Structure formats: C-alpha cells, structure tokens
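Examining the three-dimensional arrangement
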Amino acid sequence: ELEQWRDTEIFLTEERRGLFRSKAEEMEESVASRTQAVVSLIRDCQSLIYELKIVPSGYIDADEHDMVSCCDSGNYGPGGDEEVGRSEDDLKIMKSLKVRDSISQEEGQNRRSRGRSISDYTIVSLFESSSCTGISNEALERLTNRLAELNGEKRRRRA
C-alpha cells in the first residue's frame, strides 16, 4: 500500500502530500480509538481481577491505591480455591497500562485520592510483549473474551 508513495520525484506534489497527511491523520485516529477501547477493556478486567481476588502472584502495584485494598487483606496472589478463573493473559492485563505522562504530579495525587478515570491511562505498548497485551485485533478479541469470563465467574460466585 505504501509503494505508491516511494517515488518522491513524481509524487511530491502538494495534492499528493495532502493525501499523505490525510491518510496519516486517519491512521493516528484509528490507533487512538483502538487504544482507548483496549484501555477500557483492560481497566474493566483489572477491576474484576481485583474484585474476584485472582491477582497474579507476579504483580505488585503500590501506586494503585484505589485497587490495592483487596490485596491488603492477604488475598494477594495465588491461594486456596481462588485459583479458579485465572488466565495466562492476567499478568499482561495487570501490567499493560500506565498513567498518562501529561498528568501532573499534583493532579495525579488529587485523582488518585478520588479514583482515576479511564482517560488517565494509556497502554504501555501498542505491540504485544511478555508484559503487555498491545492493541491488535487478537488482543481486542482476547480482552473481550476475558472480560466475559470474569463477569461469568463473578455471577457464578454470587450464586
């Protein structure tokens, strides 16, 4: 698809540069939209993982005051019958988000005390790694499926 942009001598007209800028903006908007959808799914999964007390044993986040409370009671990591409902992706889910760089320390302290919103977070990496889900179609599908599993586990435990 990018081959048409390679011959700079022929295609460096103002019209072609405008088309290229337009295509680049479209791609940036697509990435931003996908990122926001993934961040939302990850936060929902994280909330349920904490609520169900199935936090992966390799995960520690001292900065998450709004979610650490369930771990303070000794329910952190593996334990007893709580192994039910775990997934290979849970550690990635827990490590995939970071607080946006644009939030000042003071603003961050205020938000942390009343709970952060989805817009305060961004994904650590757009690409999947050993510690991040990324934003691919496969990641979006796995996160959607994991959220459904976690909600099912929550309903099962209520019954």
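Higher on the page you've got the structure.
Keep in mind the model is a prediction, meaning the values are calculated, not measured.

Examining the overall build of the chain
- Counting its secondary structure elements, the chain contains six helices and two strands.
- In sequence order, the secondary structure elements of the chain are arranged as α-α-α-α-β-α-β-α.
- Taken across its 159 residues, the chain has 30% of its residues classed as buried.
- The long-range fraction of contacts in the chain, counting pairs at least 24 apart against all pairs at least 6 apart in sequence, stands at 68%.
- With the model as given, the accessible surface of the chain reaches about 10100 Å², and the carbon-plus-sulfur share is 49%.

Here we look at the pattern of salt bridges
- For the coordinates displayed, the defined rule picks out eight salt bridges.
- Put simply, Arg146 and Glu149 hold a salt bridge, and the shortest N to O gap is 2.9 Å. Here Glu149 and Arg146 lie together in helix H6 (residues 137–158), a separation of three residues that amounts to about one turn.
- According to the relative accessible area criterion, Glu149 is partly exposed, its value standing at 45%.
- Among the charged side chains, a network of salt bridges with common partners joins Asp89, Lys92, Glu128 and Arg142.

Regarding the nonpolar core
- Grouped together as the largest cluster of nonpolar side chains are 22 residues, with contacts concentrated most on Ile42, Ile49, Ile123 and Leu150.
- Contributing elements (two or more residues each) for this core: helix H2 (14–51), helix H4 (90–95), strand E2 (121–123) and H6.
- Those residues within four positions of Ile42 in sequence are excluded, and the remaining contacts are Ile93, Ser96, Leu97, Ile123, Thr133 and Leu143.

A closer look at H6
- Look at H6: 32 Å from first C-alpha to last across 22 residues, which is about the 32 Å you get at 1.5 Å a residue.
- All buried positions along H6 are accounted for by Ala139, Leu143, Arg146, Leu147, Leu150, Glu153 and Lys154. The buried residues of H6 all sit within an arc of 125 degrees when viewed along its axis, so they share a single face. In H6, the exposed positions that point more than 90 degrees away from the buried face belong to Asn137, Glu138, Glu141 and Arg155.
- Where H6 is buried, its residues touch H2 and H4.

Remarks on the environment of Ile118
- Structurally, Ile118 is set in the loop between helix H5 (105–114) and E2.
- Classification of Ile118 as partly exposed rests on a relative accessible area of 28%.
- Sequence separation between Ile118 and Gln36 is 82 residues; the distance between their C-alpha atoms is 8.4 Å.
- Those residues in contact with Ile118 that lie beyond four places of it in its chain are Gln36, Val39, Ser40 and Arg43.

Focus: unusual backbone geometry
- Even without glycine at this site, Lys53 takes up a positive phi of about 60 degrees.
- In this structure, Lys53 sits in the loop between H2 and helix H3 (65–75).
- Residue Lys53 is classed as partly exposed on the basis of its relative accessible area, which comes to 32%.

What to know about a nonpolar patch on the surface
- Together, Val31, Leu126 and Phe127 give the surface a local cluster of nonpolar side chains, amounting to about 290 Å² of exposed area.
- If you trace the backbone, Leu126 turns up in the loop between E2 and H6.
- Taking relative accessible area as the criterion, Leu126 reaches 37% and is therefore assigned partly exposed.

Quick word on the environment of Val99
- Of note, Val99 is situated in strand E1 (residues 97–99).
- On the basis of relative accessibility, which here comes to 23%, the residue Val99 falls in the partly exposed class.
- Along the backbone, Val99 and Asp120 are 21 residues apart, and their C-alpha atoms lie at a distance of 5.7 Å.

Parameters and conventions
Residues numbered from 1 in each chain as written. Predicted model: local features only at pLDDT ≥ 70, side-chain atom pairs only at ≥ 80, totals over all residues. Heavy atoms only, no water. Helix = DSSP H or I, 4+ residues; strand = E, 2+ residues; numbered from the N terminus. Buried < 20%, exposed > 50% of the residue type's maximum accessible area, 1.4 Å probe, protein only. Contact = heavy atoms within 4.5 Å. Areas by Shrake-Rupley, 256 points an atom, 1.4 Å probe, with all protein chains shown as cover. Salt bridge = Lys/Arg side-chain N within 4 Å of Asp/Glu carboxyl O. Core = buried A, V, L, I, M, F, W, Y, C linked by side-chain atoms within 4.5 Å. Expected span 1.5 Å × (residues − 1). Arc of directions from axis to C-beta. Patch = residues over 30% accessible without salt bridge, like charges linked within 9 Å, V, L, I, M, F, W, Y side chains within 5 Å.

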